[in-house]
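Structure assessment
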Amino acid sequence: MTPRTLPQTVPPARPTPTVGAARSRAHGPTAALWHAVELHRPTSEVDGACELTLCGSLARVAVGESWPPASRDVCPACLVLTAR
């Protein structure tokens, strides 16, 4: 008896997440900052939604804003985490 060869299965390709910009709220002495968010869903589903950012903050996704935004108030931790 010879072992039957099983067909090679290839896992489905996962879409590469894109990095979007999200704006946090100011809390006390902390200023509102732009943060990076990995987007795994279509942008129509996340526009204005509160998401967990790369640095661990919660911020509202701004689909119209690219990452990194051309602004001075950008989260330094998110800049480091998205540097390639």
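Values in this document were obtained by computation on a predicted structure and should not be read as measured data.

So, on to the pairing of strand 1 (residues 18-23). One ladder, built from six bridges, connects strand 1 with strand 2 (residues 34-39); its direction is antiparallel. Residue pairing for strand 2: Thr-18 is matched across the bridge by Leu-39. Direction of pairing for strand 1 relative to strand 4 (residues 58-61): antiparallel, over a ladder of two bridges. Paired with Ala-22 across the two strands is Val-61, which belongs to strand 4.

Our next topic: the confidence of the model for the protein. In low-pLDDT segments, the atomic positions of the prediction should not be examined closely. Averaged over all residues, the pLDDT of the protein is 83; the fraction at 70 or higher stands at 83%. Put simply, helix 1 (residues 43-46) is where the protein has its lowest mean pLDDT, 81, and helix 2 (residues 76-82) is where it has its highest, 93.

Mapped onto the elements of the fold, Ser-24 is located in the loop between strand 1 and strand 2. Under the relative-accessibility criterion, Ser-24 is labelled buried at 11%. Reaching out from Ser-24, the side chain makes a polar contact with the side chain of His-35 at a distance of 3.4 Å. Once you skip the residues sitting within four places of it in the chain, Ser-24 turns out to touch Ala-31, Ala-32, Leu-33, His-35, Leu-58 and Ala-59.

When its volume is computed, the largest pocket comes out at roughly 180 Å³. By residue number, the principal contributor to the lining of the largest pocket is strand 4, which donates three residues. Of the residues in the lining of the largest pocket, the class split is five nonpolar, five polar and three charged.

Residues Ala-21, Trp-34, Ala-36, Trp-67, Val-74, Cys-75 and Cys-78 constitute the largest nonpolar core, which totals seven residues. In this view, Val-74 contacts Leu-33, Trp-34, Trp-67, Pro-69 and Leu-79; residues no more than four positions away in its chain are not counted. By size, the runner-up hydrophobic cluster in this structure holds six residues, among which are Ala-22, Val-37, Leu-39 and Val-46.

Spatially, the four strands line up as an open sheet ordered 2-1-4-3, and their pairing is antiparallel. The open sheet has two edge strands, strand 2 and strand 3 (50-52), and neither has a second partner. Neighbour-to-neighbour, the strand axes of this sheet turn through a mean angle of 55 degrees, independent of strand direction. Strand direction decides the pairing type here: strand 3 and strand 4, joined by three bridges, are antiparallel. Of the residues in strand 4, the one forming a bridge with Glu-51 is Ala-59.

Rules and cut-offs
- Residues numbered from 1 in each chain as written.
- Predicted model: local features only at pLDDT ≥ 70, side-chain atom pairs only at ≥ 80, totals over all residues.
- Heavy atoms only, no water.
- Pairing = 2+ DSSP bridges.
- Helix = DSSP H or I, 4+ residues; strand = E, 2+ residues; numbered from the N terminus.
- pLDDT = per-residue confidence, 0-100.
- Buried < 20%, exposed > 50% of the residue type's maximum accessible area, 1.4 Å probe, protein only.
- Polar contact = N/O pair within 3.5 Å; in protein donor to acceptor, adjacent residues only side chain to side chain.
- Contact = heavy atoms within 4.5 Å.
- 1 Å grid on protein atoms, 1.4 Å probe; cavity = no way out; pocket = protein on both sides within 12 Å on 5 of 7 lines; lining within 4 Å.
- Points joined across faces, edges and corners; volume = space filled by probe spheres on them.
- Nonpolar A, V, L, I, M, F, W, Y, C, P; charged D, E, K, R; others polar.
- Core = buried A, V, L, I, M, F, W, Y, C linked by side-chain atoms within 4.5 Å.
- Axes fitted to C-alpha atoms, helices over the stretch in contact; angles between N-to-C directions.

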